[in-house]
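Report on the structure
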Amino acid sequence: MLGAGSRRRDRDSRSIGPSPVPTTVADNKQAARTDAAPPPRRPSWDQYFMTITRQVAERSTCLRAKVGAVIVRDRSILATGYNGAPAGMPHCTEVGCLIYESRNPDGEIEQNCFRTIHAEINAITQAARNGAAIRDADIYVTHTPCIHCLKVLINTGIRTVYYGKEYKLHTVGDLLKPSKIKLVQVSEDAGNAL
């Protein structure tokens, strides 16, 4: 004679119709993929870091151009910087720009803000302040570096400058030839990865 517990197990093990097929989360995702639109493409690493660089630029206090910089090694961010006045000093957004003119070796007149530190220099100083070595790292910048920033980047051992927009690119050509540093433009729509 069977006990009460045995009858319950017997009753629970009976099923009506075919036994259910076990499913996994992966099975459900695969079924959803075949019924829905293809998944969106992921940004490439270059696009990812350029997007962050543009967001960093939003912190800029310069009235003439918002520039951001992100120093990266092995897909990890080491430091960021944007153009603006030194910490604790009045910003251009508060007291206006302090513009001066100079003449480059080609005779062109350039206007620069005396009050502002460039994004690349601010990123380098943040790395130094936090003890992050940047030799053999790469830097992502919203605009190509000016000749002064490029000289500093060369001396820090940065390998590649990834940039979004050209800015006075014609002024740095002679400096690039003997150096090992590379300039690479990253377009906003190229290089998507799965």
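Residues numbered from 1 in each chain as written. Predicted model: local features only at pLDDT ≥ 70, side-chain atom pairs only at ≥ 80, totals over all residues. Heavy atoms only, no water.

Considerations on the overall build of the protein chain
When helices and strands are tallied, the protein chain shows seven helices and seven strands. Order of helices (α) and strands (β) in the protein chain, N terminus to C terminus: α-α-α-β-β-α-β-β-α-β-α-β-α-β. Among the 194 residues that make up the protein chain, the fraction classed as buried is 30%. Of the contacts made within the protein chain by residues no fewer than 6 positions apart, 56% connect residues no fewer than 24 positions apart. As presented, the protein chain carries roughly 13100 Å² of accessible surface, and 53% of it is formed by carbon and sulfur atoms. (Helix = DSSP H or I, 4+ residues; strand = E, 2+ residues; numbered from the N terminus. Buried < 20%, exposed > 50% of the residue type's maximum accessible area, 1.4 Å probe, protein only. Contact = heavy atoms within 4.5 Å. Areas by Shrake-Rupley, 256 points an atom, 1.4 Å probe, with all protein chains shown as cover.)

Some points on the confidence of the model for the protein chain
Scored by pLDDT, the protein chain comes out at a mean of 83, with 79% of its residues at no less than 70. When pLDDT is averaged over each helix and strand of the protein chain, the minimum, 49, is found for helix 1 (residues 4-13) and the maximum, 98, for strand 1 (residues 68-73). Predicted confidence is poor over residues 8-15, with pLDDT under 50, and the contacts of this stretch with residues over four places away or in other chains come to zero contacts. (pLDDT = per-residue confidence, 0-100.)

Some remarks on the state of the cysteines
Counted under the stated rule, the structure contains zero disulfides. Between cysteine 113, a cysteine without a disulfide, and cysteine 92, which holds the nearest cysteine sulfur, the sulfur-to-sulfur distance is 3.6 Å. (Disulfide = S-S within 2.5 Å.)

A word on a nonpolar patch on the surface
Taken together, the side chains of Leu98, Tyr100 and Phe114 make up a nonpolar region of the molecular surface, amounting to roughly 330 Å² of accessible area. Since its relative accessible area comes to 41%, leucine 98 is described here as partly exposed. (Patch = residues over 30% accessible without salt bridge, like charges linked within 9 Å, V, L, I, M, F, W, Y side chains within 5 Å. Salt bridge = Lys/Arg side-chain N within 4 Å of Asp/Glu carboxyl O.)

Comments concerning helix 3 (residues 45-57)
Over its 13 residues, helix 3 extends 18 Å from the first C-alpha to the last, a length consistent with the 18 Å expected when each residue adds 1.5 Å. Buried within helix 3 are the following residues: Gln47, Phe49, Met50, Thr53, Val56 and Ala57. In this structure, the buried side of helix 3 is in contact with strand 1, strand 2 (76-82), strand 5 (138-143) and strand 6 (160-165). (Expected span 1.5 Å × (residues − 1).)

Quick notes on the packing of aromatic side chains
Inspection of the entire model under this criterion finds six aromatic pairs. On the numbers, 5.6 Å between centres and 90 degrees between planes, the contact of tryptophan 45 with tyrosine 48 is edge-to-face. Here tyrosine 48 and tryptophan 45 lie together in helix 3, a separation of three residues that amounts to about one turn. Under the relative-accessibility criterion, tryptophan 45 is labelled partly exposed at 38%. Both rings, one in tyrosine 48 and one in phenylalanine 49, keep their centres 5.0 Å apart while their planes meet at 65 degrees; by these two values the pair is edge-to-face. An aromatic cluster is built from Trp45, Tyr48, Phe49, Tyr140 and Tyr162, whose rings are joined through pairwise contacts. (Phe/Tyr/Trp six-rings, centres within 6.5 Å; stacked < 30°, edge-to-face > 60°.)

Here's the deal with the sheet that holds strand 6
The mixed open sheet is built from five strands, whose spatial order is 2-1-5-6-7. In this open sheet, the two strands that pair with only one neighbour each are strand 2 and strand 7 (182-185). Taken pair by pair, the neighbouring strands of this sheet meet at an average axis angle of 20 degrees, ignoring direction. Across the sheet, helix 5 (residues 119-129) touches strand 1, strand 2 and strand 5, and the angle it forms with strand 2 is around 130 degrees. (Pairing = 2+ DSSP bridges. Axes fitted to C-alpha atoms, helices over the stretch in contact; angles between N-to-C directions.)

A closer look at the nonpolar core
By size, the foremost hydrophobic cluster in this structure holds 18 residues, and its most contacted members are Ile71, Ile134, Ile139, Leu153 and Ile158. For this core, the elements supplying multiple residues, two or more each, are strand 1, helix 5, strand 5 and helix 6 (147-156). A per-element tally of this core places helix 5 first, with four residues. Contact partners of isoleucine 139, with chain neighbours within four places excluded, come to Ala69, Val70, Ile71, Glu120, Leu153, Ile158, Thr160, Val161 and Tyr162. In terms of nonpolar packing, the next biggest core, distinct from the first, is built from eight residues, Phe49, Met50, Val56 and Val186 among them. (Core = buried A, V, L, I, M, F, W, Y, C linked by side-chain atoms within 4.5 Å.)

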